[in-house]
Amino acid sequence: MNDDVRNIVLGVIAAGVSASLGWLARAFLWRRRLRRKQAFFGLPDNSESLLVVNRDAGGTELTVTRHDVFALLELSALVKECNAGVQVVAHDAAQQGFGERTEFCVGGPASNRRMAAHLSSLLPGVRVNVEAEAVPDRGAFVIGGERYRVEAGRSEYVILARLVAGQRRFGNRPVFLFCGQRAIDNQAATRYLARHHERLARRYGGGSFVLLLKVVNSQAYGPDVVELVADVTRAARTPLPEQEPSAGTTTSTSRPARS
């Protein structure tokens, strides 16, 4: 074997070794990224999750709005990427505890009884006006005494939360809440989670968080332009003082409006 042939053979071998090492490195990084994603969502391989759907707030039947359907599709894609399964359940049929399976709960308390229960038991510092009549505070959030009103199509708010029960008898799988003032805000929150879950995992790890997001000019930009208003975890988990709300509402009226 002359020198030229030897160099060619050695070059081929070196290229093969380099390609193999590169493939192994990429596979290792991909697996590590997948494991981190699975840990954040509480979705190990072949696990099951619960997707709780609401109904159209303006109807009596289990009808899901177009934007909420899009939100469910966003979440289903996340679950599939984690190699897990999902069971879709109506909000008034999900009569079970939390922590045994990862849960994604979509919709405000006016259209989702499961969300209303979660807000009451897990986020006592949050109140939502659920009055059916067209009053100025309809749909407004009160968090830690601050009120966030709806300006439909211009300025709307949504709560994105990852909550862990913290008690072993409940299990350790998280509950994700997407509580928007309008259906398009629920979709905005699921899209925000899909885009930023890695950053959220780095910041919060496996802990709980409650974020208040603002959906900007949805009539022009849809669910794509979202701003982080604040991390309201402490305020949302601190019970508000008992008050005398008007009929059909769960909001406080003690603070000036904030938009």
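Draft legend 1. Just the pairing of strand E8 (residues 175-180), in detail. Buried residues dominate E8, accounting for six of its six residues. What you see with E8 is no split at all: Val175, Leu177 and Cys179 on one side and Phe176, Phe178 and Gly180 on the other are buried throughout. As judged from the four bridges shared by strand E3 (residues 102-106) and E8, these two strands associate in the parallel manner. The partner of Phe104 across the bridge, within E8, is Phe176. Here strand E7 (residues 155-163) pairs with E8 via six bridges, running antiparallel. Each bridged residue has a counterpart across the sheet, and for Ile159 the counterpart in E8 is Cys179.

Draft legend 2. Representation of the nonpolar core. The biggest cluster of nonpolar side chains holds 28 residues, and the ones touching the most others in it are Phe41, Phe104, Phe178 and Leu193. Looking at this core, the elements with two or more residues in it are helix H1 (3-41), strand E1 (48-53), helix H2 (66-81), E3, E7, E8, helix H4 (183-204) and strand E9 (209-216). The greatest single-element share of this core, amounting to six residues, is contributed by H4. Non-local contacts of Phe104, meaning those with residues more than four positions away in its chain, are made with Phe41, Leu43, Ser49, Leu50, Leu51, Val52, Leu75, Val79, Phe176 and Phe178. Listed in part, the 24 residues of the second largest apolar core include Leu123, Phe141, Ala161 and Leu177.

Draft legend 3. Up close: the pattern of salt bridges. Under the defined criterion, the tally for this structure stands at 11 salt bridges. Residue Asp137 is joined to Arg147 by a salt bridge in which the shortest nitrogen-to-oxygen separation is 3.5 Å. Of the two residues, Asp137 sits in the loop between strand E4 (126-128) and strand E5 (141-143) while Arg147 sits in strand E6 (residues 146-148), which places them 10 residues apart along the sequence. The exposure class of Asp137 is buried, given its relative accessible area of 12%. One network of salt bridges, in which partners are shared, links Glu74, Arg191, Arg195 and Asp224.

Draft legend 4. Layout of H4. Here H4 spans only 27 Å end to end across 22 residues, well under the 32 Å set by a 1.5 Å rise per residue. At His196, H4 shows its maximal bend, which comes to roughly 70 degrees. Just past H4, the residue Gly205 takes up positive phi, approximately 60 degrees.

Draft legend 5. Structural detail: the packing of H2 against H4. Where H2 meets H4, the axes come as close as 7 Å, and the angle between the chain directions of the two elements is 20 degrees. With respect to each other, H2 and H4 are oriented roughly parallel. Of the two elements, H2 crosses H4, and the hand of that crossing is left-handed. Here His67, Asp68, Phe70, Ala71, Glu74, Leu75 and Leu78 of H2 lie close against H4, whose contacting residues are Ala183, Ile184, Asn186, Gln187, Thr190, Arg191, Leu193 and Ala194.

Draft legend 6. A nonpolar patch on the surface, seen in detail. A contiguous nonpolar patch, built from Val69, Phe70 and Leu73 and spanning about 250 Å² of accessible area, is present on the exposed surface. By secondary structure assignment, the location of Val69 is in helix H2. On the accessibility criterion, Val69 (35% relative accessible area) is partly exposed.

Draft legend 7. Looking closely at the confidence of the model for the protein chain. On average, residues of the protein chain score 82 in pLDDT, and 79% of them reach the 70 mark or higher. Element-level mean pLDDT values for the protein chain span from 36 in strand E11 (residues 257-258) up to 96 in E9. Counting interchain partners and residues more than four positions distant, the pLDDT-below-50 stretch residues 244-259 has 39 contacts.

Draft legend 8. Inspection of the sheet that holds E3 at higher detail. Taken together, seven strands build an open sheet; the order of strands is E2-E1-E3-E8-E7-E9-E10 and the sheet is mixed. A single partner strand is all that each edge strand has here, and the edge strands are strand E2 (85-90) and strand E10 (226-231). Here the average twist between neighbouring strands, direction ignored, is 20 degrees. Relative to E3, E1 runs parallel, the two sharing four bridges. Counted as the bridge partner of Leu50 is Glu103 from E3.

What counts and how
- Residues numbered from 1 in each chain as written.
- Predicted model: local features only at pLDDT ≥ 70, side-chain atom pairs only at ≥ 80, totals over all residues.
- Heavy atoms only, no water.
- Buried < 20%, exposed > 50% of the residue type's maximum accessible area, 1.4 Å probe, protein only.
- Helix = DSSP H or I, 4+ residues; strand = E, 2+ residues; numbered from the N terminus.
- Pairing = 2+ DSSP bridges.
- Core = buried A, V, L, I, M, F, W, Y, C linked by side-chain atoms within 4.5 Å.
- Contact = heavy atoms within 4.5 Å.
- Salt bridge = Lys/Arg side-chain N within 4 Å of Asp/Glu carboxyl O.
- Expected span 1.5 Å × (residues − 1).
- Bend = angle between axes of the 7 residues up to and from the residue.
- Axes fitted to C-alpha atoms, helices over the stretch in contact; angles between N-to-C directions.
- Parallel < 35°, antiparallel > 145°, perpendicular 65-115°, else oblique.
- Left-handed = near helix turned anticlockwise from the far one by under 90°.
- Patch = residues over 30% accessible without salt bridge, like charges linked within 9 Å, V, L, I, M, F, W, Y side chains within 5 Å.
- Areas by Shrake-Rupley, 256 points an atom, 1.4 Å probe, with all protein chains shown as cover.
- pLDDT = per-residue confidence, 0-100.

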